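Structural overview
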Amino acid sequence: MAKVDLKQPVVQDIADNVKDAESVILVDYRGLTVAEDTELRKQLRDEGIVYKVYKNSMMKRAFEGTEFSGLDEYLEGPSAIAISKDDATAPARILSKFSKTAKALELKAGVVEGNVYDAAGVEKLAKIPSREELLGQLLGSLQAPVANLARVLNQIAEAGGPEACCPPEEEAKEAPEESADAPEAEAAPEETAEAPEEEPKAEE
């Protein structure tokens, strides 16, 4: 079998994995201990992220003609890729956090939603909250007014109801009194009780 034929399944596997991917992060894994590598793979797998080690030449061939070809210049030395088809920033978050304790792990670059980022850019992406965190923040902001209203109503109920806050007697005291100086309404003119006298008729 020709050498090219042996490589084709690997190239196809890479192409299938990155197809429709939200993000692909490239890392240098040299120096990781077996325990660290096992833990890293577990964390990525738990988030539905594919993590594999491939030869640079195989990845270059698989990336040809795709948005991931921007990673070609970073394909030097041992390389592994983390691929996510759901959460665009999840690989960056997990790898960045893991690299803080596993110093041997080095972020190289990444393609997130069609944009190419260097290592510094990937670090910035890692600070973006996950979709679940953002939804949680949104839900919290929506629930806050409802929670405040419920707290106020509860305080009123504990105080004895709305009457306890503002008794009717106090409301009556606070009501403005009618001004004594207000002009009285003018009385309507009385109708004349006596009918007008008839003029004497002239004598004939």
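Just above sits the structure.
So, a few notes on the structure that sits alongside this text. Everything quoted here is computed from the prediction, not taken from an experiment.

1. Some details on the nonpolar core
If you look at the biggest cluster of nonpolar residues, it comprises 22 residues, and the most contacted ones within it are Ile25, Val27, Leu40, Leu44, Tyr51, Leu95 and Leu105. Every element with two or more residues in this core is listed here: β1 (23-28), α2 (34-46), β3 (79-84), α4 (90-101), β4 (106-112) and α5 (119-125). Counting residues per element, this core draws most heavily on α4, which supplies five residues. Filtering out sequence-adjacent residues up to four positions away, tyrosine 51 remains in contact with Val27, Tyr29, Asp37, Leu40, Arg41, Leu44, Ala80, Ile81 and Ala82. Counting residues in hydrophobic clusters, the runner-up holds 18 residues, among them Val18, Tyr54, Ala62 and Phe63.

2. Some details on the side chain of aspartate 28
For aspartate 28, the position within the fold is in strand β1. Assessed through its relative accessible area of 4%, aspartate 28 is described here as buried. Polar contacts involving the side chain of aspartate 28 include one to the side chain of arginine 30, which spans 2.7 Å. If we skip the residues at most four places from it in the chain, aspartate 28 touches Pro78, Ala104, Leu105, Glu106 and Lys108.

3. Some thoughts on helix α3 (residues 56-63)
Taken together, the buried positions of α3 are occupied by Asn56, Met58, Met59, Ala62 and Phe63. Seen from one end, α3 has its buried residues packed into an arc of 160 degrees, which puts them on one side. Directly after α3, the chain includes glycine 65, whose backbone phi takes a positive value near 75 degrees.

4. Topic: the packing of α2 against α4
Axis separation between α2 and α4 bottoms out at 10 Å; the angle between their running directions is 155 degrees. Our classification of the angle between α2 and α4 gives roughly antiparallel. Where α2 crosses over α4, the handedness of that crossing is right-handed. Along the contact surface, α2 presents Glu36, Glu39, Leu40, Gln43 and Leu44, while α4 presents Ile94, Leu95 and Phe98. By residue class, the composition of the contact of α2 with α4 is five nonpolar, one polar and two charged.

5. Some remarks on the pattern of salt bridges
Side chains that carry opposite charge are capable of pairing whenever their charged atoms lie near each other. Inspection of every chain in the model, using the stated rule, returns six salt bridges. Note that arginine 41 is salt-bridged to aspartate 37, the shortest N-O span being 2.8 Å. Linking arginine 41 with aspartate 37, this pair stays in helix α2, spanning four residues, or about one helical turn. On the basis of relative accessible area, arginine 41 is assigned to the partly exposed category, the value being 31%. A salt bridge links lysine 42 to aspartate 46; the shortest N-O distance between them is 3.0 Å. In this pair, lysine 42 and aspartate 46 both sit in helix α2, four residues apart, roughly one turn of the helix.

Quick notes on the rules
- Residues numbered from 1 in each chain as written.
- Predicted model: local features only at pLDDT ≥ 70, side-chain atom pairs only at ≥ 80, totals over all residues.
- Heavy atoms only, no water.
- Core = buried A, V, L, I, M, F, W, Y, C linked by side-chain atoms within 4.5 Å.
- Buried < 20%, exposed > 50% of the residue type's maximum accessible area, 1.4 Å probe, protein only.
- Helix = DSSP H or I, 4+ residues; strand = E, 2+ residues; numbered from the N terminus.
- Contact = heavy atoms within 4.5 Å.
- Polar contact = N/O pair within 3.5 Å; in protein donor to acceptor, adjacent residues only side chain to side chain.
- Arc of directions from axis to C-beta.
- Axes fitted to C-alpha atoms, helices over the stretch in contact; angles between N-to-C directions.
- Parallel < 35°, antiparallel > 145°, perpendicular 65-115°, else oblique.
- Left-handed = near helix turned anticlockwise from the far one by under 90°.
- Nonpolar A, V, L, I, M, F, W, Y, C, P; charged D, E, K, R; others polar.
- Salt bridge = Lys/Arg side-chain N within 4 Å of Asp/Glu carboxyl O.

Worth remembering: the numbers are spatial, not functional.
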